[in-house]
Structures are given as C-alpha cells and as structure tokens.
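Summary of structural features
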Amino acid sequence: MIDCAAMRDRMPEAARGTVSWTGAEVAHLATCTDCALEWRIVRAGAQLHAGTAVAADRVAAAVMARLRAAPPERSVIRRLPWRGSVIGLLAAAASVVLILSAPRLQRPRAGNASDTATALGILPELQALDDGQLRSVLQSLGSTAADATPGVVPHLEDLTDSELQLLLHSQGGE
Amino acid sequence: MLVGSDGAPDPELVVAWRGGDERAAGQLVHRHAAALGRYLAASGATSADVDDLVQDTFFKAFRGLDGWRGDGSFRGWLFRIAGNLLKDRFRQNKGRIFLEIEEHDIAGSADPAGELAADETGRLLQQGLLRLPRLQREVFLLRVQQGLEYAEIASALGSTTGAARVHYHHAVKRLKELLA
C-alpha cells in the first residue's frame, strides 16, 4: 500500500534525481491521478527556467566595482571595541526610562504618584469629569485620543504629554 | 552547507571576503548566480531584469554581511534578499513585471534560453505560479526548483518549518486546480 502523502513529500527530491521511485511507486503514479498530477507539476517546477543564463563573470565584476566604491556596511556598534560597555550603558539607560515612565502606562491607582495623579491633584475638576465630558473636552482640543477608536472611551493616562498639557491649560492649570 | 567545486564551503568564503579577499566574493557569485537567476525568472522577473537583480542581490548581501547570522544557509539568505528586491521592483512598476511575463508566456513566443517554452505543463505552471500569493510561490520555488528543505526555506523566508509546509501544500493544491 503506497502512502500518497509520504510519496508526495519526496517528489521534489525525485524530480531532482536525488531519490528514485520504487517499482511499486512507479505503478502507483500510473493509477493515482492526484499523485500523477502533482508529479507532473513538481517535475515541471524542477525544470522551470533551467536554461536561464546569468553572465556570472560580468555580474561578479560589476558587484566588485560597486563594492570598491562603497565598502561593506558595518554596524557602528560592532565597530566599537568597547561595544559591550555601550550595550550595557544603553540597557541601563533604557531601564531608567522604563522605570520613570512606567506609572504613566498604568491606570491611576490610589497612592500612585504618577504625573497623571499629580495633575489630578492639581486640578480635581478633571477627576470629576465623566467619560462624555472628557471626550468633549478632548475633541474640542483636537486630541487624537478622543477619536482614535470609535466606542472606546479615552482615559487621561492614554494622553500624550502634549495632550495632557493642552488639557491642563484648557482647565486653567499649568 | 554548500561546498563548491573548489571545495571551500560558503561560510569560509564569507569569512575570506570579510577579510578582504575579493576572489572569495567572486566564487560566491559564480556559485549562486545561476540559481538566483532561475529563481528570479520563475518569480516573475523579466529576462532584462534578471542580471540586474542578481547583481543587486550580491551587492546588498556583501554590503550587509552582518545581517547574515550564519545559522541558515548563505544561499537561502540570498534568496531572501532577491525576493525582497523583486518585490520592490514589482511595487515600483505597479505590477507590470507580472503582466509582462504572463503575456509573454500566454503568447508562447520563443524562449531564448530554450527553457520549457514548448512544454505546455511548464507554461501553464509558470502562469499558475504568477497567480499564487507571493509566499506560496516563493516556498514552492525554493522547495521544487531549488531543492531546499523546509527548515532552510523557513530560515530563508523568516518563517517556521510548519508554515513553510502549509504554504507549499496550498501552492500545490492551487496549481493542481489550475492544471487539472
């Protein structure tokens, strides 16, 4: 019994001549129309554009000429002998930025001393706005957060720094 | 790992080129240029564009060797660059590459390289390939025309072995429908 799937798996190699069909497989190809069609496709695919000629000498010469005019690109970091230290410093700097900006990424919670909470402390009236009022205020300021996603109510913590600044100014804050 | 007639495997030639050996780069071009040309031609590049695209592929590859991690084959990486260049060319020409090739094949005009021009299956297959989604076409060609294993295809296309198998399966299924 011939396993069609297993046989089809080997068709690319058979078409390239790296494996051969057994007698039973050859007989199967004569009777199984689906395998025969796939074999016809794979054989034709293996020969597709077999005669395409590329002027390798000319290509190599042209590539070398272009490379001489423009030497290989190398990453700035990779060129530095002390790149390990640079990567370490960059990682440390990224950590500091993440730590400092993390509170802005969270919803305001009790006792959370984020910039947003500070702003709310300065302007308690902002905290008193319901969702519809907040949306209206944001739309009047041309905020993208107000109309970014229909049906999604904007939150103060979703605002960018400049949007928050605009909002604070509009409410008479700093 | 592909080893040429001169015996030096691709990674060794890459290291040599990085060290400034131009002959090593030349050997890599001679080793892979024809396969790239076939791949590009079957992917829809016009015969006038094939040499330029092969040249651009090697230029980009040699300029950006830091981007080749060495965990996949060098040839697979070249196919990836070539595919991206062809995609860019196709975008620039707003699809004219594909139409040009299709008309050429449907008309059945003489193929200068004598590559299956008289073969009805080959012509139908070429037309069918150009109708496939890009990933399916690329996977089919890398598997069947270039003889790459699924793992190598996945590495070349930045995909997974399972996804490569699925793309191949869908490509063959659609080609069967077109050729049945």
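Just so you know, these numbers come straight off a predicted model, no measurement behind them.

Concerning the overall build of chain A
Assigned secondary structure in chain A consists of 12 helices and zero strands. Scanning chain A from its N terminus toward the C terminus, one meets helices and strands in the order α-α-α-α-α-α-α-α-α-α-α-α. Put simply, chain A has 174 residues, and 31% of those count as buried. The contacts in chain A between residues at least 6 apart in sequence include a share of 44% that link residues at least 24 apart. Summing over all exposed atoms, chain A offers an accessible surface of approximately 10700 Å²; the carbon and sulfur share of this is 59%.

Section: helix H6 (residues 120–131) of chain B
Counted at 1.5 Å a residue, the expected span for H6 of chain B with its 12 residues is 16 Å, and the 17 Å between its end C-alpha atoms agrees. Residues Thr121, Gly122, Leu125, Gln126, Gln127, Gly128, Leu129 and Leu130 of chain B constitute the buried set of H6 of chain B.

Some points on the environment of Val139 of chain B
Residues and elements named next belong to chain B. Here Val139 lies in helix H7 (residues 134–145). Owing to a relative accessible area of 1%, Val139 belongs among the buried residues under this scheme. Separated by 15 residues in the primary sequence, Val139 and Ala154 place their C-alpha atoms 8.6 Å from one another. Every residue in contact with Val139, bar those within four places of it in the chain, is listed here: Ile153, Leu157, Ala164, His167 and Tyr168.

Describing the environment of Asp3 of chain A
Residue and element names in this part refer to chain A. Examined against the element boundaries, Asp3 turns out to sit in the segment before helix H1 (4–9). Sequence spacing of Asp3 and His28 is 25 residues, and the spatial spacing of their C-alpha atoms is 9.8 Å. A polar contact of 3.1 Å, which involves the side chain of Asp3, links it to the backbone nitrogen of Ala5.

Examining the confidence of the model for chain B
Here chain B shows a mean pLDDT of 84. Residues at 70 or above account for 82%. Of the regions scoring below 50 in pLDDT, residues 97–118 of chain B engages in 40 contacts with residues more than four places distant in sequence or in other chains.

Describing H7 of chain B
What sets the pattern is the α-helix's 3.6 residues per turn: residues three or four places apart point alike. All names here are of chain B. Taking 1.5 Å per residue, 12 residues should reach 16 Å; H7 reaches 15 Å between its end C-alpha atoms and fits that length. Among the residues making up H7, those that are buried are Gln136, Arg137, Glu138, Val139, Phe140, Leu141, Leu142, Arg143, Val144 and Gln145. Backbone geometry just after H7 places Gly147 at a positive phi near 70°.

Points about the interface of chain B and chain A
Counting residues at the interface gives 46 residues for chain B, matched by 41 residues for chain A. Carbon and sulfur atoms make up 59% of the surface buried where chain B meets chain A, a total of about 3900 Å² over both sides. A per-residue breakdown of the area chain B buries against chain A is headed by Arg63, Asp66 and Lys176 of chain B, which together make up 17% of the total. Here chain B is connected to chain A by seven salt bridges. There are 17 residue pairs in polar contact (both at pLDDT 80 or more) connecting chain B and chain A. The element best represented in the side of chain B that touches chain A is helix H2 (residues 22–43) of chain B, accounting for 11 residues.

A closer look at the nonpolar core
The biggest cluster of nonpolar side chains holds 73 residues, and the ones touching the most others in it are Val54, Phe58, Phe62, Phe74 and Phe140 of chain B. Each residue touching Phe74 of chain B, except ones within four places of it in the same chain, is listed here: Asp10, Val14, Leu28, His32, Phe62, Leu65 and Trp68 of chain B.

A word on the pattern of salt bridges
Tallying each qualifying case throughout the model produces 16 salt bridges over all chains. With its nearest N and O atoms 2.7 Å apart, the salt bridge here joins Arg68 of chain A to Glu22 of chain B. Here Arg68 of chain A, found in helix H5 (residues 56–69), pairs with Glu22 of chain B, found in helix H2, and the two come from separate chains. Connected via shared salt-bridge partners are Arg8, Asp34 and Glu38 of chain A together with Lys176 of chain B.

What to know about the packing of helix H3 (residues 23–31) of chain A against helix H4 (residues 33–47) of chain A
Residue and element names in this part refer to chain A. At their nearest, the axes of H3 and H4 sit 6 Å apart, and the two run at 100° to each other. As judged from the angle between their axes, H3 and H4 are roughly perpendicular. Where H3 approaches H4, its residues His28, Leu29 and Thr31 are matched on the opposing element by Thr33, Cys35, Ala36 and Trp39.

Quick look at the packing of aromatic side chains
Summed over all chains, the structure comprises seven aromatic pairs over all chains. With 6.0 Å between their ring centres and 45° between their planes, Phe74 of chain B and Trp77 of chain B make a pair best called tilted. Residue Phe74 of chain B and its partner Trp77 of chain B are both found in helix H4 (residues 74–92); the two are separated by three residues, about one turn of the helix. Just as Phe74 of chain B is buried, Trp77 of chain B falls in that class too. Their ring planes at 75° and their centres at 6.0 Å tell us that Tyr150 of chain B and Tyr168 of chain B sit as a pair that is edge-to-face. Here Tyr168 of chain B lies in helix H9 (residues 161–179) and Tyr150 of chain B lies in helix H8 (residues 150–157), a separation of 18 residues in the sequence. Here the two residues Tyr150 of chain B and Tyr168 of chain B agree in accessibility, since each one is buried. Chaining the aromatic ring pairs together yields one cluster made of Trp17, Phe58 and Phe62 of chain B. Over the face of the ring belonging to Phe59 of chain B we find Arg66 of chain A, whose NZ or CZ atom lies 4.0 Å from the ring centre. It is Arg143 of chain B that lies over the ring of Tyr150 of chain B; its NZ or CZ is 5.0 Å from the centre.

The rules behind the values
Residues numbered from 1 in each chain as written. Chains lettered and ligands numbered in written order. Predicted model: local features only at pLDDT ≥ 70, side-chain atom pairs only at ≥ 80, totals over all residues. Heavy atoms only, no water. Helix = DSSP H or I, 4+ residues; strand = E, 2+ residues; numbered from the N terminus. Buried < 20%, exposed > 50% of the residue type's maximum accessible area, 1.4 Å probe, protein only. Contact = heavy atoms within 4.5 Å. Areas by Shrake-Rupley, 256 points an atom, 1.4 Å probe, with all protein chains shown as cover. Expected span 1.5 Å × (residues − 1). Polar contact = N/O pair within 3.5 Å; in protein donor to acceptor, adjacent residues only side chain to side chain. pLDDT = per-residue confidence, 0-100. Buried area = accessible area lost by both parts, 1.4 Å probe. Salt bridge = Lys/Arg side-chain N within 4 Å of Asp/Glu carboxyl O. Core = buried A, V, L, I, M, F, W, Y, C linked by side-chain atoms within 4.5 Å. Axes fitted to C-alpha atoms, helices over the stretch in contact; angles between N-to-C directions. Parallel < 35°, antiparallel > 145°, perpendicular 65-115°, else oblique. Phe/Tyr/Trp six-rings, centres within 6.5 Å; stacked < 30°, edge-to-face > 60°. Lys NZ or Arg CZ within 6 Å of the ring centre and 35° of its normal.

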